[in-house]
Amino acid sequence: MAKHHVTATVNGDAVEFLCETQETLLDVLRDQMGLTGTKEGCSTGDCGACSVTIDGRLVCSCLMLGVEVNGKSIATIEGMAHGDALHPLQRKFIEHAALQCGICTPGVLVAAKALLDKHPDPSETEVRYWLAGNLCRCTGYDKIVRAVLDAAAEMRGA
Amino acid sequence: MQEKLKEPGSEFKWVGTRPDRPDGVDKVTGRAKFGADLAMAGQLVGKVLRSPHPHARIRSIDTSAAEKLAGVKAVVTARDFKDQPSEFIPAGEMMINYKDVVRSVMAREKALYEGHPIAAVAATSAAIAKEALKLIKVDYEVLPHVIDVVEAMQPGAPILHEDMFTAGVDPAPKTASNIAKRIEFILGDVTAGFKQADVIVERSFTTQPVHQGYIEPHAVVASVSEDGQADVWVTTQGHWIVRAHCARLLGWDVGKVRVTSSEIGGGFGGKTVVYLEPLALALSKKARRPVKMVMTREEVFRASGPTSGAHVRVKIGAKKDGRIVAAEAELKYQAGAFAGSPVQPGCMCAYAPYDLENVKVVGYDVVTNRPKVAAYRAPGGPISEYAVESVIDEIAGKIGMDPIELRLKNAAKQGTKAAYGPKFGPIGMIETLEAAKAHAHWRTPLGKNQGRGVASGFWFNIGGETSVSLSLNEDGTLALTAGTPDIGGLRASLCMMAAEELGVGMDKIRVQIGDTGQLGYNFLTGGSRATFSSGMATVEAAREVMKEACKRAAKLWELPEDAVEYKDGTVRPAGPNAGKHNPMTLQEIAGIAGKTGGPIGGYSRINAAGAAPSLATHICDVEVDPETGKVSVVRYTAIQDAGRAIHPSYVEGQYQGGVAQGIGWALNEEYIYGADGRLQNPGFLDYRVPVASDLPMIDTVIVEVPNPRHPYGVRGVGETPIVPPMAAVANAIANATGVRFTELPMSPPKVLKALDEARAKGAAKI
């Protein structure tokens, strides 16, 4: 069967790719574009390691097909820092030791950024429920939640 | 490496501080390369055919149709692996038998669990590889299976291994059994001890297998060249172990195999064994192309090792004053398809936190038609200690004593002889209990439907073979290479210890995890050994660099070597020569390295001795919903002896992570098998690990009782944190409801049922 031709924007850059009908967005990002910062933990949308945003909306890229992103704008972990400047969330994650093995970290950061883009002043409970779709097996979430709240405060200028 | 311990405080520039980890930026930008992140030119995709039956004899396997499919480049089965003799080899905290390992990576005579590998295929695409698996014809004779540990021990149970006769029983049995061995540890005389008891509590407990639940599935890329040189890229806790296992299973020289550890996305013990690695190598050898294999999450659940489910009976007798006079336990651990559950460490840990005179612990290692268990964080300890700590809590209730006081009354301390043999050096049991007693958490009033529990925990910790190299670069910066994979901040702690010794900035040292070709042997990251052992080796390597730097300056200054000292990052003349020459920095020493004898470096190869146990006491508050039976942990405090915390943030992280896993074990996680012997919940939706909204903040208290056998007093801290939570939660639920739970997980349906039964008898508090 012929492959589909897709044009999209990834981290601000125009991209085009050919993909099979059944190919997931996650596979396209990782295998075709070499953007391996987005991780595969389950391929069933349960772990959140593959979190990206499509036109600002948080999704599990393992649950979307490559053909579905035609004309859309995708943001992955690779696009979060600006030049040498890490995003405040990235800085706070390092500062708070909010990662151990680091496999869930890209997905958690993408999800946390999606939260703060909409809600700059979330409560601890809101952070916990927003991140409930991102599994972390190492940290017990304590330092992750603190890092997100601290980054939010910094971004608000509080 | 026994020496006077450095006192904590301002004299340390790095140790005890919280600098950014060296691999932090790579991990927050997506740059860090994990197991599945490497793609080699021309690589094939490898997939595994797995048994749909929990127990079946394999009459024949026909791979001819699969081999003929266009795009298929290699197919392997058990025929491609030579059989191995039966011999047990120590492998860290567990023992392995290559006769079983060769059958574990690829079924031979029988499939012993649902998911057992039968064949593997390498093809040009995943779709073709999957298509090829469907073309493999396997003729199975389906056999009766057994899943439950107690059923597997009964006479007449389906036998997994016809050649398994229970070891440790006298006289030796003449019929095959699923009980691989019986072990016992005895101290004093329990029968006499129970006679002195004022109160005796005896309870039976069951626990379910739980998976380590690392978020990164097993992944490997293997490449074997035409002349037999093999390269492996793999997510593992020990790449020297992978090398050893693969070389052995394939019959290749160890020197032909080079293994590089990728960044590892969690292990918790589960990445200490091989699954895909030998298959990928065998496929690559046949196909003469690189082969990449990645497990699906479903495969991780069905075919990689969880820890044992178990049945544990505990009986403890105490005097009215709280002194425990006799303690007995019987542990039945299921090992999965092959012998080797962690029942031995489970037995050894059971009463290790206590100073007791009369102890009897008996353990059984039992095979069942489930995946072979793998190590999981303090393997064996959490199960036995959950049962013991629950009964101790009940004893405290019966004699009306504060549970912390009861533990203090019986606490092990320096000089205590453990039931499993050794006398303890300095240990922190009393210190963690005192810290718990002093903590505000212990005195804070509880709300409605809430209860509080306390429990302690013990884990041995290990040292072992370790190599570290440290090279002084030509500009005075340093390259530090260690061989224990960094799972939770190891590079930070090693860099800090090196910087501390050398008196240089952490930014002057770049630390990496070397491959198996770059260093001598390294045992794996496990047993809470990495910061302890690689830290010890790092300190030795740094001291070698310092000594060599002094030697070079002495040569330059034409002084005897002992007239030069290393201080505060500089080399300077000492004694009567002090002041005659300007001190030289490491940068200046590096500049003269060539003309004073060549490159400068330290290379430490040690068998790290002197690992010391870490003890913990946890306090847990729960709230029980009287209508649904849902238990929420509302406050948690983990107190543990770290010996000395090199990087306190990552020590706290270990405590918090262990607690979260323990809470999952206590409340939700379990393997659910159908009557057909098939796993029904092989995914994160139905095997529910704690998510952020399930947990409160987890408070930590780092107690420091330095380990005198480590240059900075380090004890391993990674495993102990998962030991106390199950009992802490169970004790809190008992406190809240008046009902003692003896089955894990304490999930809402079970709690509600027990509450309803207790209410009917008027025995429930809520």
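None of the values given here were measured: they were computed from a predicted structure.

(A) Quick peek at the overall build of chain B. Within chain B, the regular secondary structure consists of 20 helices and 28 strands. The C-alpha atoms of chain B give 27 Å as radius of gyration, which agrees with the globular expectation for 766 residues (27 Å, within 12%). Per-residue burial over chain B gives 59% buried out of 766 residues. Put simply, of all contacts in chain B between residues at least 6 apart along the chain, 80% involve residues at least 24 apart.

(B) A look at the packing of helix 11 (residues 381-399) of chain B against helix 12 (residues 403-410) of chain B. Residues and elements named next belong to chain B. The interhelical angle for the contact between helix 11 and helix 12, taken along N-to-C directions, is 110°, at an axis separation of 9 Å. By the angle class used here, helix 11 and helix 12 are roughly perpendicular. Helix 11 and helix 12 meet at a crossing whose hand is right-handed. On helix 12, the residues that touch Ile392, Asp393, Ile395 and Ala396 of helix 11 are Pro403, Leu406 and Arg407.

(C) Representation of the pairing of strand 7 (residues 117-123) of chain B within the structure. Residue and element names in this part refer to chain B. By the criterion of burial, strand 7 is predominantly enclosed, with seven of the seven residues buried. Alignment of strand 1 (residues 44-50) against strand 7, held across six bridges, turns out to be antiparallel. Pairing of arginine 50 across the sheet is with proline 117, part of strand 7.

(D) Broad picture of the domain arrangement of chain B. Residue and element names in this part refer to chain B. When cut into domains, chain B gives domain 1 (24-32 + 463-608), domain 2 (42-365) and domain 3 (425-459 + 612-766). Here domain 1 and domain 3 have C-alpha centroids that lie 40 Å from each other. Listed as interface residues are 14 residues of domain 1 and, on the opposing side, 15 residues of domain 3. Of all the secondary-structure elements, those providing two or more residues to the side of domain 1 that touches domain 3 are helix 15 (490-502) and helix 16 (530-557). With five residues, helix 16 is the single largest residue contributor to the side of domain 1 that touches domain 3.

(E) Spatial organisation of helix 12 of chain B. Pro403, Ile404, Leu406, Arg407 and Asn410 of chain B are the residues of helix 12 of chain B that are buried. Buried residues along helix 12 of chain B cover an arc of 160° about the axis, so they all sit on one side.

(F) Geometry of the interface of chain A and chain B. Taken residue by residue, the interface counts 42 residues in chain A and 42 residues in chain B. When contributions to the side of chain A that touches chain B are tallied by element, the ones reaching two or more residues are helix 2 (88-95), helix 3 (105-118), helix 4 (124-130) and helix 5 (142-156) of chain A. Here the element with the most residues in the side of chain A that touches chain B is helix 2 of chain A; it accounts for four residues. Taken together, the residues of the side of chain A that touches chain B sort by class into 22 nonpolar, eleven polar and nine charged.

(G) Focus on the pairing of strand 1 of chain B. All names here are of chain B. The buried fraction of strand 1 is high, at seven of seven residues. By the alternation rule, side chains of strand 1 split into Leu44, Gly46, Val48 and Arg50 and Val45, Lys47 and Leu49, which are all buried. Bridging between strand 1 and strand 14 (residues 291-294) involves two bridges; their strand directions are parallel. If you follow valine 45 over to strand 14, its bridge partner there is lysine 292.

(H) Inspection of the sheet that holds strand 18 (residues 450-459) of chain B at higher detail. All names here are of chain B. If you trace the four strands from one edge of the open sheet to the other, you get 18-26-27-28, paired in mixed fashion. The open sheet is flanked by strand 18 and strand 28 (698-703), the only strands paired with a single partner. Between one strand and the next, the sheet's axes are offset by a mean angle of 15°, whatever the strand orientation. Here strand 27 (residues 631-641) runs beside strand 28; their pairing, made up of six bridges, is parallel. Pairing of aspartate 641 across the sheet is with valine 703, part of strand 28. On top of the sheet, helix 18 (residues 648-667) reaches strand 26 (614-624), strand 27 and strand 28; it is set at about 130° to strand 28, its chief contact.

(I) Focus on the sheet that holds strand 16 (residues 324-336) of chain B. Residue and element names in this part refer to chain B. The strand order 9-17-16-15-10 describes an open sheet built from five strands, whose pairing is mixed. At either end of the open sheet lies a strand with only one pairing partner, and these are strand 9 (179-187) and strand 10 (199-207). Adjacent strand axes in the sheet meet at a mean angle of 10°, parallel and antiparallel pairs treated alike. Across eight bridges, strand 9 lies against strand 17 (residues 359-367) in antiparallel orientation. Each residue of the ladder has a partner; that of isoleucine 183, found in strand 17, is glycine 363.

(J) Fine view of the domain arrangement of chain A. All names here are of chain A. In terms of domain boundaries, chain A breaks down into domain 1 (4-79) and domain 2 (88-156). For domain 1 and domain 2, the distance between their C-alpha centres works out to 21 Å. The leading source of residues in the side of domain 1 that touches domain 2 is strand 3 (residues 51-54), at three residues. Here the side of domain 1 that touches domain 2 is built from residues that sort into six nonpolar, seven polar and one charged.

(K) Broad picture of the nonpolar core. Residues and elements named next belong to chain B. Counting 299 residues, the largest nonpolar core has Leu279, Val729 and Ile733 as the members making the most contacts within it. Considering every element that reaches this core, the biggest residue donor is helix 16, with twelve residues. Excluding residues within four positions of it along the chain, valine 729 makes contact with Gly453, Cys620, Val622, Val633, Ile663, Ala666, Leu667 and Met746.

(L) The arrangement of the environment of alanine 152 of chain A in detail. Residue and element names in this part refer to chain A. Along the chain, the position of alanine 152 falls in helix 5. Spatially, the C-alpha atom of alanine 152 lies 10 Å from that of serine 123, the residues being 29 residues apart in sequence. Leaving out residues up to four positions away in the same chain, alanine 152 has contacts with Leu116, Pro120, Asp121 and Pro122.

Quick notes on the rules
Residues numbered from 1 in each chain as written. Chains lettered and ligands numbered in written order. Predicted model: local features only at pLDDT ≥ 70, side-chain atom pairs only at ≥ 80, totals over all residues. Helix = DSSP H or I, 4+ residues; strand = E, 2+ residues; numbered from the N terminus. Rg over C-alpha atoms; globule rule 2.2 N^0.38 Å. Buried ≥ 20, exposed ≤ 12 C-beta atoms within 10 Å, placed from the backbone. Contact = placed C-beta atoms within 7 Å. Axes fitted to C-alpha atoms, helices over the stretch in contact; angles between N-to-C directions. Parallel < 35°, antiparallel > 145°, perpendicular 65-115°, else oblique. Left-handed = near helix turned anticlockwise from the far one by under 90°. Pairing = 2+ DSSP bridges. Domains from an automatic or database assignment. Arc of directions from axis to C-beta. Nonpolar A, V, L, I, M, F, W, Y, C, P; charged D, E, K, R; others polar. Core = buried A, V, L, I, M, F, W, Y, C linked by C-beta atoms within 7 Å.

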